[in-house]
There are 2 protein chains.
Amino acid sequence: MTAPKSNTSDYCPLAVVGTVAIDSVETPFGKRNKVFGGSATYFSYVASLFTRVALVAVVGKDFPKEYFETLKGRSIDLSHLEVLRGKTFHWKGRYEEDLNTAHTLETQLNVLLDFRPKLSFKKTPEFIFLANIDPHLQQHVLDQLQPNALRYVACDTMNYWIHHQKTELLKVLKRVDCVVVNDGEARLLTGEVNVMKAAKKISLLGPKHVIVKKGEHGVVLLYEKEFCILPAYPVEDIYDPTGAGDSFAGGVMGYLALTRDISLTNLKKALGVGTIAASFTVQGFGLEGLEKITRRDIENRMRDFQKICRF
Amino acid sequence: MTAPKSNTSDYCPLAVVGTVAIDSVETPFGKRNKVFGGSATYFSYVASLFTRVALVAVVGKDFPKEYFETLKGRSIDLSHLEVLRGKTFHWKGRYEEDLNTAHTLETQLNVLLDFRPKLSFKKTPEFIFLANIDPHLQQHVLDQLQPNALRYVACDTMNYWIHHQKTELLKVLKRVDCVVVNDGEARLLTGEVNVMKAAKKISLLGPKHVIVKKGEHGVVLLYEKEFCILPAYPVEDIYDPTGAGDSFAGGVMGYLALTRDISLTNLKKALGVGTIAASFTVQGFGLEGLEKITRRDIENRMRDFQKICRF
């Protein structure tokens, strides 16, 4: 499962397939009509702080030039970002007062309906993240990668796929090392109310590492038979939770791809990095909270976080 | 604020005033009609693993002899446990499937209506816990203690007192070093949805230490200006959450009274002890989960907990 390190400058140790979107978001703190969003966007924007990341996704002809610049500004590899005739995927959502519950007001799949990624990596990325997208597409991506060249594959999903594409999703789960879901998804997938029991049941479906995100309540990792639990970083000024989960995953996978170490100790540290990345994300609308941060900012807040959690 | 250590064998470094009850509890895992409960019961039962604790409470003539024996078995000082003509306080509750929501089906105050504790300590306990009880009574207890002999006073409360006795409760908060509330109570008391903001607002009401319990999601401590956050210990087999919060407080205060150190570092460790105590409590109905445990069991699980939380 270990591939040699590449020295070619265009090699991406990490690739993500997912959505790139134009969102409309309403939270108790404001309303934004055109926000750059999507699971693969948040993921790659964070992961790019740690490693070169390839973005496998699709946008429409309406995709703003400045959004391309935003991604290029982080040296994200866009050679697999397709531009198709039509409109970019659009999501419109509203959050409740407590910011925990999101109501989807509108979903326009648009170009996503015709998305069928063709991979043409000269060298296979060792780390792959299958962000929340149709499990058929997640498999289609895996099918094009040399299994022996892969070091660590993780996936996300959502309630919709659990309800409507469970068979395909289960096939994906059999092929990944790690799955990242939220507590609601973990419950839906297993029928278990208890997060620890749910994580154990999910690990029986394939992934040897199960990460359950609990939003403001932190995250639970089941690593083979061991648990690791982290609270969320305490943020008082949360403006928009959109993308927090994808930023978290971007931090985790970016850090793993940087360090190339998937031991429990290092995965725990990666969870910390992901948690801190998410804490920056929720402090602004869209990518705002992440725009000005560097790896150093994440490290600084991480030290504070370790102090807060130590006992 | 520091009192000299006493060598007299009947000296109690810790005292709790609160309820001693006969509960009826229904959870998804079963139904029990006569369960020994009450805030001061759980608190003292746990705290007695660490220090000698005086139980200031009232029961009725119906209070079973075996319950007295249970308390005596832990060397809990019962010289302030009054027995009044009438029936013991009775609470009947039912928990939802997720075990987070408790519905009170019945509350019979009984002898609690006539409770007016008279303290007669030869030497004032340095550590005091005012468990969830009418704020008038909490003050009445404080009024009888020499302020200079007190080292650390903490209190709990509940929604009912926040709604109906807020003025009196605010007087209590002005007189304590620490308040222990759950997240719902913190929100009700401050109008703040964000737990960190709520904790800060509560600290402006008096207590320099604010502990917000979040049930299965752990606990947040605001210590002057510093935060400490701990997840809950991962328990898969939760049978009955009743008394978890009081056991937590008993662990915290018992450990503080044992170590006589209220530094941030030690309070963090005390939170860990409280968390572990609560994790044993929820593994059985009533006191069942706590019956057979020793301080050693808490220390062992605590080491496991520290491993789970370290990153």
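Before any of the text, the structure's been laid out above.
Definitions and cut-offs
- Residues numbered from 1 in each chain as written.
- Chains lettered and ligands numbered in written order.
- Predicted model: local features only at pLDDT ≥ 70, side-chain atom pairs only at ≥ 80, totals over all residues.
- Heavy atoms only, no water.
- Pairing = 2+ DSSP bridges.
- Helix = DSSP H or I, 4+ residues; strand = E, 2+ residues; numbered from the N terminus.
- Axes fitted to C-alpha atoms, helices over the stretch in contact; angles between N-to-C directions.
- Contact = heavy atoms within 4.5 Å.
- Least-squares fit on C-alpha atoms with pLDDT ≥ 70 in both.
- Disulfide = S-S within 2.5 Å.
- Buried < 20%, exposed > 50% of the residue type's maximum accessible area, 1.4 Å probe, protein only.
- Right-handed = clockwise from strand over helix to strand, strands pointing away.
- Patch = residues over 30% accessible without salt bridge, like charges linked within 9 Å, V, L, I, M, F, W, Y side chains within 5 Å.
- Areas by Shrake-Rupley, 256 points an atom, 1.4 Å probe, with all protein chains shown as cover.
- Salt bridge = Lys/Arg side-chain N within 4 Å of Asp/Glu carboxyl O.
- Lys, Arg positive; Asp, Glu negative; His and termini not counted.
- Charge placed at Lys NZ, Arg CZ, Asp CG, Glu CD.
- Phe/Tyr/Trp six-rings, centres within 6.5 Å; stacked < 30°, edge-to-face > 60°.
- Lys NZ or Arg CZ within 6 Å of the ring centre and 35° of its normal.

Chemist: Explain the sheet that holds strand β9 (residues 152-156) of chain A to me, using residue names and the numbers behind them.
Modeler: All names here are of chain A. With mixed pairing, the nine strands of this open sheet are ordered in space as β5-β4-β1-β8-β9-β10-β11-β12-β13. Sheet topology places β5 (81-84) and β13 (226-230) at the edges, where each strand pairs with a single neighbour. Averaged over all adjacent pairs, the angle separating strand axes in this sheet is 15°, with direction ignored. Helix-sheet contacts for helix α7 (residues 195-203) involve β10 (178-182), β11 (209-213), β12 (219-223) and β13, and the interaxial angle to β11 is about 145°.

Chemist: Please set out the relation of the copies chain B and chain A residue by residue, giving values where relevant.
Modeler: In the superposition of chain B on chain A (RMSD 0.0 Å, axial shift 0.0 Å), the rotation amounts to 180°. As the rotation angle and translation indicate, the two copies are arranged about a two-fold axis.

Chemist: An account of the state of the cysteines is requested, with residue identities and associated values reported.
Modeler: Counted under the stated rule, the structure contains zero disulfides over all chains. No disulfide involves A:Cys178; its sulfur sits 7.9 Å from the nearest other cysteine sulfur, which is in A:Cys155.

Chemist: Could you give an account of the pairing of strand β4 (residues 53-60) of chain A, naming the residues involved and the relevant values?
Modeler: Every regular strand shows the same layout, with side chains that alternate between the two sheet faces. Residues and elements named next belong to chain A. Burial analysis of β4 places eight of its eight residues in the buried class, the great majority of the element. Side-chain alternation along β4 places Val53, Leu55, Ala57 and Val59 on one buried face and Ala54, Val56, Val58 and Gly60 on a second face that is also buried. Note that β4 and β5 share four bridges and pair parallel. Across the sheet, residue alanine 57 finds its bridge partner in β5, namely leucine 81. This β-α-β element, β4 to helix α2 (residues 65-72) to β5, shows right-handed connectivity.

Chemist: I'd like to hear about the sheet that holds strand β3 (residues 30-37) of chain B, residue by residue, with values.
Modeler: All names here are of chain B. Strand order across the open sheet formed by four strands is β3-β2-β6-β7, with mixed pairing between neighbours. What marks the edges here is a single partner per strand, and that holds for β3 and β7 (102-108). The average undirected angle you get between the axes of adjacent strands in this sheet is 15°. Relative to strand β6 (residues 89-95), strand β2 (residues 21-27) runs parallel, the two sharing six bridges. Note on β6: the bridge partner recorded for glutamate 26 is arginine 94. Those strands touched by helix α2 (residues 65-72) are β2 and β3, and its axis lies near 65° from that of β3.

Chemist: Which residues make up the environment of B:Lys201, and what values go with them?
Modeler: All names here are of chain B. Tracing the backbone shows lysine 201 in helix α7 (residues 195-203). Judged by its relative accessible area of 38%, lysine 201 is partly exposed. Those residues in contact with lysine 201 that sit more than four places away from it in its chain are Thr190 and Glu192.

Chemist: Before we move on, could you go through a negative patch on the surface and cite the residues and values that matter?
Modeler: All names here are of chain A. Together, Glu96, Glu97, Asp98 and Glu216 make up a region of like negative charge exposed at the surface. Relative to the assigned elements, aspartate 98 resides in the loop between β6 (89-95) and β7 (102-108). The exposure class assigned to aspartate 98 is partly exposed, which follows from its relative accessible area of 33%.

Chemist: Any details on the environment of A:Ala54? Residues and values, ideally.
Modeler: All names here are of chain A. Tracing the chain through its elements places alanine 54 in strand β4. The spatial distance from the C-alpha of alanine 54 to the C-alpha of tyrosine 11 is 8.9 Å, given a sequence separation of 43 residues. Setting aside residues no more than four positions away along its own chain, alanine 54 makes contact with Cys12, Leu14, Ala15, Val16, Asp77 and Phe121.

Chemist: Describe the packing of aromatic side chains, listing the residues and the values that go with them.
Modeler: One pass over the full model with this rule turns up 22 aromatic pairs over all chains. Taking 5.2 Å as the distance between ring centres and 50° as the angle between the ring planes, the aromatic pair formed by A:Phe305 and B:Phe311 counts as tilted. Pair noted here: A:Phe305 is in helix α11 (residues 295-309) and B:Phe311 is in the segment after α11 (295-309), and the two residues belong to different chains. For the pair formed by A:Phe305 and B:Phe311, the shared burial category is buried. Each residue in the set A:Phe36, A:Phe63, A:Tyr67 and A:Phe68 is aromatic and connected to the rest through ring pairs, giving one cluster. Across from the ring centre of A:Tyr45, 3.8 Å away, lies the NZ or CZ of A:Arg74, which sits over that ring.

On their own, these measurements won't tell you what the molecule is for.
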